[in-house]
Amino acid sequence: MSKEEKKVNRRDFLFTASYTVGAVGLGAVVWPLVHQMNPDKAQKALATTEVDISNIEPGKSITVLWRGKPVFLKRRTQEEIAEARSVSLNDLPDPQKDEERVKNGKDEWLVMLGVCTHLGCVPLKDKGDYKGWFCPCHGSHYDLSGRIRKGPAPKNMEIPKYEFVDSNTIKIG
Amino acid sequence: MKKFNLKKLTFLVFIMIVFINPLYSAESSDLLKIKWSFKGLTGKFDRASLQRGFQVYKEVCSSCHSMQYLSYRNLGEAGGPEFSTEEVKAIAASVEIEDGPDSQGEMFTRPGRPSDKFKSPYPNVNASIAANGGAYPPDMSVLVKARPGGADYIYSVLMGYNETPAGMSLDDGVYYNKYMVGNKIKMAAPLSDGIVEYTDGSEPTVDQMAKDVTTFLTWAAEPELEERHKMGIKVIIYLILLSILVYFSMKKIWSRVDPKV
Amino acid sequence: MSDHEYTPKSKAGKWFNDRLPLLTLSAHLSDYPTPKNLNYWWTFGGILTFCLLTQIITGVVLAMHYVAQADLAFASVEHIMRDVNYGWLIRYIHSNGASMFFLAVYIHIFRSLFYGSYKSPREIIWITGLIIYLLMMATAFMGYVLPWGQMSFWGATVITNLFSAIPLVGESITTWLWGAYSVDNPTLNRFFSLHYLLPFLILGLVILHIWALHVPGNNNPVGIEIKKPSKDTVPFHPYITVKDAFALLMFMVIFAGFVFFSPNVLGHSDNYIPANPLVTPSHIVPEWYLLPFYAILRSVPDKLGGVILMFGAIFILFVLPWLDTSKVRSAVFRPIYRQFYWIFVINVLMLGYMGAMPAEGTYLILARVGTIYYFLHFIVVLPVVGLLEKTDPVPTSISEPVLSSGSAPSLAKKDNEKI
């Protein structure tokens, strides 16, 4: 390599190195500006909520607010569970077994996001043709497992991540 | 040209230093000064001191002083007292927080959760003033940043309850303090030896408690301090590194121009 | 600036450039002939552009979380500091960035004062610069109100109350500014709106400022006109871009020093006390960069007089190009003016210091002396010195060495030569 070429290469390396290190810095600057729009610590702290279910009688349900959205917690009677499980999957627009929508050994408890999967309204409890919920916005009917049966909603009401902290407490999220 | 630059530059920098100090360090020359672990470029909080300081806040100060911008979960976050998840839950649960309205429209109370803000001793500022002889016990969330001298000031005031000098008369409920502006304060000396029994077994002298609670209050005002220092070191090293690269690039580029300027 | 010689290399580039000549503009900026003898005092224009963009970007981001409501503002700033991801960093960059912005603008202005950059034919660059400076002060003043601390509230009260000094319409104007009967929530809301708006006006003026600069081209330390382009100039890129980058990095080290290790030293601790209309702080002071004007304001016992002098101190700068009668541009060759320049600098620093002190006793006397001298400098010193001063010989080109006075008369400029 001639001296001239060697000089050019060293110069190019210096410039390339400068640009590269500069670009790394620029990236490091961009990240906080982007990340600040992600949920902040206060939002993340409210990301889980614990619900006391000790006072809910069989056949009754409560609604709690979680991450700004309603969550239905329904304690089903044995008859309601049986009825939910007697439905053929062919009758379901969004086929899903009731067993898949509850926790093992806790079949009484239906925990789901009370948000209609059509356009997001909050369905009304104990209404509709299937003894579950009815969404008044565009007429979607949900059954005792929270599954869509009739109407424009495409999917069953969503089951969030939750767990039983103990027999009286459910932690959602 | 070079001589001009350097002389005038040094003069200007000197002027700046002369002016910044008196403008911004107010009465700090009078205060007690401590070599706090959190001061300096690599300053960090003493974790054990933070936990003791929280205990002092909780058992001595929180009956009058709110800390409304802190949440219980902050006590478990990195850079602070770093209590465990269980400890934080327990601390939160030890207070009753007002919540509601319930489905009947009634307000109710429930045990605190980590996501709750620190409970204030009074429902509002007026109640606080009325209960404290007309003086407002300031909220402590940013108190360390709200006083000239910062941590040194807080520590000095806590240690400043000396004998009232002869010839000075004080009204009822007013006390002498060496470091308070005007030397009068409406808070009786909050600390006395043994007023708190430290869970970690440290000796609860007034000096120790003052140091611990000041450390805790400094963290409360600047929870980001450790992260800020760490990031600062990295940023400055990076800038110096890049400056070196850019400096030599500049020299290389300017070598193409005849130097006779 | 008027050559359309540049042809983009790609067909797509040519198609686009024919419709919106951004590539021509970019080439012009890159090739722009710059004097090769510029020193580091000339890097502050680039640094200021960086400061403006930093403030706009961090400001827009902060506005996503800040709440402009009297009961919630202080708490929203604490929310940013504690909960928003990197909120503390963005907030401290913004608050310290304002100080850095003013540090840079003062160096930039004092560079112009020393080297005569305000003189013909660069008067409009100077004037657009002053308008930018005025807008910066308005923006910074309103921005400081937003956290709604004690200084926010009382600083706003003191300064907005000044308008009531205007005869006849003063009270109405002040009430109109407030939107209430004192500084209150309506005031905070409109200050937030205007604080968001003004920086974009500044941005537009900066474009005009640079455009006006590109007509005659940069001044230089020797203050003589240079043919552009010539052997005395270099293309802006890469020569000036790399030098500006280096200077900017040095500036950023100081900036980082404040942000990461001393983020509150330039502020006032009272602003961490929530605003209380019933309790006035013992000393109301604006941020450091407004202190000289604050000193001038308080040096006049009459309220209206103080307001007039304070604004006068800025407005007199507008006519500076016509007050300075010297035919020699750069103070390098003006030994008498140079002395007065440094006295002026010390005077401004002294006024700044007085602005931070209580307006009484020796402080008040010095503030008054400083105020009088400030105006004397412009109204008396500049015209007189310009006319009477025996200047040093000015070189005919920047490539030739500058000679000490008297030794080589052939290189000295002719007395009636316009530069």
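For clarity, every value in this text was computed on a predicted model and none was experimentally measured.

Quick notes on the rules
- Residues numbered from 1 in each chain as written.
- Chains lettered and ligands numbered in written order.
- Predicted model: local features only at pLDDT ≥ 70, side-chain atom pairs only at ≥ 80, totals over all residues.
- Heavy atoms only, no water.
- Buried < 20%, exposed > 50% of the residue type's maximum accessible area, 1.4 Å probe, protein only.
- Helix = DSSP H or I, 4+ residues; strand = E, 2+ residues; numbered from the N terminus.
- Pairing = 2+ DSSP bridges.
- Contact = heavy atoms within 4.5 Å.
- Phe/Tyr/Trp six-rings, centres within 6.5 Å; stacked < 30°, edge-to-face > 60°.
- Lys NZ or Arg CZ within 6 Å of the ring centre and 35° of its normal.
- 1 Å grid on protein atoms, 1.4 Å probe; cavity = no way out; pocket = protein on both sides within 12 Å on 5 of 7 lines; lining within 4 Å.
- Points joined across faces, edges and corners; volume = space filled by probe spheres on them.
- Nonpolar A, V, L, I, M, F, W, Y, C, P; charged D, E, K, R; others polar.
- Core = buried A, V, L, I, M, F, W, Y, C linked by side-chain atoms within 4.5 Å.
- Buried area = accessible area lost by both parts, 1.4 Å probe.
- Salt bridge = Lys/Arg side-chain N within 4 Å of Asp/Glu carboxyl O.
- Axes fitted to C-alpha atoms, helices over the stretch in contact; angles between N-to-C directions.
- Parallel < 35°, antiparallel > 145°, perpendicular 65-115°, else oblique.
- Left-handed = near helix turned anticlockwise from the far one by under 90°.

1. Details of the pairing of strand 3 (residues 69-75) of chain A
Residues and elements named next belong to chain A.
(1) Moving on: Most of strand 3 is tucked away: 5 of the 7 residues are buried.
(2) Moving on: Here 6 bridges tie strand 2 (residues 61-66) to strand 3, and the two strands are oriented antiparallel to one another. Paired with serine 61 across the two strands is lysine 74, which belongs to strand 3.
(3) Moving on: Connecting the antiparallel pair strand 2 and strand 3 is a turn made up of 2 residues, with arginine 67 showing a positive phi of about 50°.

2. Details of the side chain of B:Arg228
(1) Moving on: For B:Arg228, the location among the structural elements is in helix 7 (residues 225-254).
(2) Moving on: Residue class for B:Arg228 comes out buried when judged on its relative accessible area of 2%.
(3) Moving on: With near-sequence residues (within four places) excluded, B:Arg228 lies in contact with B:Glu222, C:Trp88, C:Tyr92, C:Val259, C:Phe260, C:Phe261 and C:Pro263.

3. Looking at the packing of aromatic side chains
(1) Moving on: On inspection of all chains with the given rule, the structure shows 45 aromatic pairs over all chains.
(2) Moving on: Through pairs of rings, three or more aromatic residues link up here, namely C:Trp42, C:Phe110, C:Phe114, C:Tyr115, C:Tyr337, C:Tyr341, C:Trp342, C:Phe344, C:Tyr374, C:Phe375 and C:Phe378.
(3) Moving on: In this arrangement the basic side chain of A:Lys106 is found over the ring face of A:Phe164, its NZ or CZ atom lying 4.6 Å from the centre.
(4) Moving on: Over the ring of C:Tyr337 we find C:Arg334; its NZ or CZ atom is 4.1 Å from the centre of that ring.

4. Section: empty space enclosed by the protein
All names here are of chain C.
(1) Moving on: Taken as a whole and assessed by the stated rule, the structure comprises 2 cavities of 30 Å³ or more.
(2) Moving on: Every residue lining the largest cavity is listed: Leu113, Tyr118, Leu320, Tyr337, Tyr341, Phe344, His377, Phe378 and Leu382.
(3) Moving on: When residues of the lining of the largest cavity are traced back to their parent elements, those giving at least two are helix 14 (335-356) and helix 15 (361-388).
(4) Moving on: Along the lines of polarity and charge, the residues of the lining of the largest cavity split into 8 nonpolar, 1 polar and no charged.
(5) Moving on: The calculated volume of the second largest cavity comes to roughly 30 Å³.
(6) Moving on: Every residue lining the second largest cavity is listed: Ala295, Arg298, Met354, Met357, Pro358, Ala359, Tyr363, Leu364 and Ala367.
(7) Moving on: Of all the secondary-structure elements, those providing two or more residues to the lining of the second largest cavity are helix 11 (291-299) and helix 15.
(8) Moving on: In terms of residues, the lining of the second largest cavity owes the most to one element, helix 15, which gives 3 residues.

5. So, the nonpolar core
(1) Moving on: Counting residues in each nonpolar core, the largest one holds 139 residues, and the members touching the most others are C:Phe102, C:Leu113, C:Trp126, C:Trp148, C:Tyr374 and C:Phe378.
(2) Moving on: Counting 46 residues, the second-largest nonpolar core is a separate cluster that includes B:Phe54, B:Tyr72, B:Met140 and B:Ile185.

6. Quick look at the interface of chain A and chain B
(1) Moving on: On the side of chain B, 14 residues touch chain A, which itself brings 14 residues to the contact.
(2) Moving on: Taking both sides of the interface into account, the surface hidden between chain A and chain B amounts to around 1200 Å²; carbon and sulfur atoms contribute 67%.
(3) Moving on: Of all residues in chain A, the largest losses of buried area upon contact with chain B belong to A:Leu14, A:Phe15 and A:Val21, amounting jointly to 36% of the total for that side.
(4) Moving on: Run the count over chain A and chain B and you get 1 salt bridge.
(5) Moving on: For A:Lys41, the salt bridge is made with B:Glu77, and the minimal N-O distance between the two is 3.6 Å.

7. Looking at the packing of helix 5 (residues 87-115) of chain C against helix 10 (residues 236-261) of chain C
Residue and element names in this part refer to chain C.
(1) Moving on: For the pair helix 5 and helix 10, interaxial distance at closest approach is 9 Å and the crossing angle is 130°. Classified by the angle their axes make, helix 5 and helix 10 are oblique. You can see that helix 5 and helix 10 cross each other, and the crossing is right-handed. Every residue of helix 10 that contacts helix 5 at Trp88, Leu89, Tyr92, Ile93, Asn96, Gly97, Met100 and Ala104 is listed here: Phe251, Ile254, Phe255, Phe258, Val259 and Phe260.
(2) Moving on: Here the residues of the contact of helix 5 with helix 10 are counted per class, giving 12 nonpolar, 2 polar and no charged.

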